[in-house]
Amino acid sequence: MGFKKKDNQIYYNPIRRAVLNHQMIQPGDKVAVGMSGGKDSTSLLYFLDMIKKQERLGFSFDIVPISLDMAFDMDIQPLTAFVESLGYSLDVVPTNIAKVVFDIREERSPCSLCAKLRRGILYNRAKELGCNKVALGHHLDDAVETYFMNFLFHGKMASFEPISYLTKTNITLIRPLLYLQEKEIIRMVKREALPVIFNPCPVDKKTKREEVKQLIAGLSDSYPDIREKFVMGMEQGTIEDFWTKSMSKKED
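All chains use their own residue numbering, which begins from 1 and follows the written sequence. Given that the model is predicted, a residue must reach a pLDDT of at least 70 before its local features are reported, and side-chain atom pairs must reach 80 or more before they are shown or counted; all residues, however, enter totals for whole chains, interfaces and linings. Where side-chain values are given, they derive from all heavy atoms of the structure, hydrogens and water being excluded.

Participant: Can you walk me through the sheet that holds strand E2 (residues 62-69) in this structure?
Facilitator: DSSP bridges decide pairing: two strands pair if at least two such bridges lie between them. Only DSSP runs of H or I covering at least 4 residues are called helices, and only runs of E covering at least 2 are called strands; the numbering of each starts at the N terminus. On the basis of which strands lie adjacent, the open sheet formed by six strands has the order E3-E2-E1-E4-E6-E5 and mixed pairing. Each having just a single partner strand, strand E3 (91-94) and strand E5 (163-166) make up the two edges of the open sheet. Looking at each pair of strands side by side, their axes are set apart by 30° on average, direction ignored. Sheet topology places strand E4 (residues 133-135) next to strand E6 (residues 171-174); three bridges connect them, and they run parallel. Each residue of the ladder has a partner; that of valine 134, found in E6, is leucine 173. Helix axes are fitted to C-alpha atoms over the stretch in contact, other axes to C-alpha atoms as well, and angles between N-to-C directions run from 0 to 180 degrees.

The structure is reproduced here in structure tokens:
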């Protein structure tokens, strides 16, 4: 695994900025990294490991990789070997999520229930292992897609938060890849030959999120800076920019 001169500008500076801007990681934190086997979570571990070992935050923290066995037929050996090559041990948690979602509940729109079950098990396992934070591999494109999904399907102008405190488990959820575009992650995965496990989920690439992804791809052809403008709007926008009930605003 190599380090290129432009990696600071493209990868590590944006990750460091996201972490510091939103105070995602503090000295002495024990951070669980949710490992699905996909490109995003694998990249997340790769980047956080480099940041930790090179002390790019100016302090030390611990990393605990966790993967959920969804009861699909998946060969996670490449993922296990990758995690061990970085000096960690992959904690694999057995679950029956696939059976519950597809066989018992026979969900027509299974993604919401699946995500809820996965998150609950991941957070509880992280707590059992002494972690106070859980890092997920959501990137900038995920944030933009979530915003458009909320707007189109729920009439809500919001995306997920960079950092969230979960009162039930006393765990803080963080998203260190928030400022990275998906295309940059794909580029790094190919360059460094990071392992990506095939997703056997029967609804993979057949969801509303996939439709929104294609919508945003089309918009970005005409407006190449749509993702940067999204970050600007989310971080600089104020409540005054929205319509509010029972309130009048003065106009010049």
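Participant: Which parts of the structure should I look at to understand the pairing of E5?
Facilitator: Residues in a regular strand point their side chains to alternate faces of the sheet. In this structure, E5 lies alongside E6, joined through four bridges in antiparallel fashion. When the sheet's bridge partners are listed, isoleucine 163 is paired in E6 with isoleucine 174.

Participant: When you look at the pattern of salt bridges in this model, what are you seeing that I'm missing?
Facilitator: Between side chains of opposite charge, pairing is possible as soon as their charged atoms come close. By salt bridge we mean one thing: a side-chain nitrogen of Lys or Arg within 4 Å of a carboxyl oxygen of Asp or Glu. All told, the structure shown has 16 salt bridges when counted by the stated rule. Two residues, lysine 39 and aspartate 40, come together in a salt bridge whose shortest N-O distance is 3.2 Å. Comparing lysine 39 with aspartate 40 shows no difference in burial state: the two are buried. Glutamate 192 is the salt-bridge partner of arginine 191, the closest N and O atoms lying 3.0 Å from each other. Since its relative accessible area comes to 33%, arginine 191 is described here as partly exposed. A relative accessible area of 12% places glutamate 192 in the buried class. Among the charged side chains, a salt-bridge network with shared partners connects Lys39, Asp40, Glu145, Glu182, Arg209 and Lys213. Partly exposed describes any residue whose relative accessible area lies between the buried limit of under 20% and the exposed limit of over 50%, with all areas from a 1.4 Å probe on protein chains only and scaled to the type maximum.

Participant: What am I meant to see in helix H7 (residues 182-192) here?
Facilitator: The periodicity of an α-helix, 3.6 residues per turn, causes residues three or four positions apart to be oriented the same way. Within H7, the full set of buried residues consists of Glu182, Glu184, Ile185, Met188, Val189 and Glu192. The buried residues of H7 occupy an angular sector of 160° when the element is viewed end-on, so they sit on one face. The secondary structure elements touched by the buried residues of H7 are helix H1 (7-21), helix H2 (39-53), helix H6 (140-154) and helix H8 (208-222). Looking one or two places after H7, you find alanine 193, whose phi comes out positive at around 55°. Along the arc lie the directions from the helix axis toward the C-beta atoms. Contact criterion: two residues are considered in contact whenever any of their non-hydrogen atoms come within 4.5 Å of each other.

Participant: How should I be thinking about H6 in this particular structure?
Facilitator: What a helix is expected to span follows from its residue count: subtract one and scale by 1.5 Å. Counted at 1.5 Å a residue, the expected span for H6 with its 15 residues is 21 Å, and the 21 Å between its end C-alpha atoms agrees. The buried count for H6 comes to eleven of 15 residues, which makes it a mostly enclosed element. Turning to H6, its buried residues are Leu140, Asp141, Asp142, Ala143, Val144, Glu145, Thr146, Tyr147, Phe148, Met149 and Asn150. Its buried side turned inward, H6 meets H2, H7, H8 and helix H9 (226-236). Looking one or two places after H6, you find glycine 155, whose phi comes out positive at around 65°.

Participant: What is the right way to read the packing of H6 against H8 from this model?
Facilitator: In helix packing, the relevant descriptors are the interaxial angle and the interaxial distance, both defined with respect to the helix axes. Taken N-terminus to C-terminus, the directions of H6 and H8 make an angle of 110°; their axes are 9 Å apart at the nearest point. The pairing of H6 with H8 is recorded here as roughly perpendicular in orientation. Together, Asp142, Val144, Glu145, Thr146, Phe148, Met149, Leu152 and Phe153 of H6 and Lys208, Arg209, Val212, Lys213, Leu215, Ile216 and Leu219 of H8 make up the contact between the two elements. When residues are grouped by polarity, Ala, Val, Leu, Ile, Met, Phe, Trp, Tyr, Cys and Pro land in nonpolar, Asp, Glu, Lys and Arg in charged, and all others, Gly among them, in polar. Its residues assigned to classes, the contact of H6 with H8 shows nine nonpolar, one polar and five charged. Working definition: roughly parallel below 35 degrees, roughly antiparallel above 145 degrees, roughly perpendicular at 65 to 115 degrees, and oblique for all remaining angles.

Participant: Where do I start with the nonpolar core in this structure?
Facilitator: Buried together is how nonpolar side chains tend to be arranged in soluble globular proteins. What we call a nonpolar core is a set of buried Ala, Val, Leu, Ile, Met, Phe, Trp, Tyr and Cys residues that are connected through their side-chain atoms within 4.5 Å. Counting 49 residues, the largest nonpolar core has Ile25, Val33, Leu45, Tyr46, Phe47 and Phe61 as its most contacted members. When contributions to this core are tallied by element, the ones reaching two or more residues are H1, strand E1 (30-34), H2, helix H3 (77-85), H6, H7, H8 and H9. For this core, the element with the highest residue contribution is H2, accounting for seven residues. The contact partners of isoleucine 25, leaving out residues within four places of it in the chain, are Val19, Leu48, Leu57, Phe59, Phe61, Lys133 and Ile174. One finds Ala32, Tyr123, Val134 and Ile171 within the second-largest nonpolar core, a separate group that totals 13 residues.

Participant: Which parts of the structure should I look at to understand a nonpolar patch on the surface?
Facilitator: Residues enter patches when their relative accessible area tops 30% and they take part in no salt bridge; the joining distance is 9 Å for like charges and 5 Å for the nonpolar side chains Val, Leu, Ile, Met, Phe, Trp and Tyr. Under the convention used here, a 1.4 Å probe and the Shrake-Rupley method define accessible areas, while residue burial counts only the protein chains that appear. On the surface, Phe151, Leu152, Phe153, Met157, Leu215, Ile239 and Phe242 cluster together into a nonpolar patch covering about 660 Å² of accessible area. Tallying contributions element by element places H6 first for the nonpolar patch, with three residues. The class for methionine 157 is partly exposed, based on a relative accessible area of 45%.

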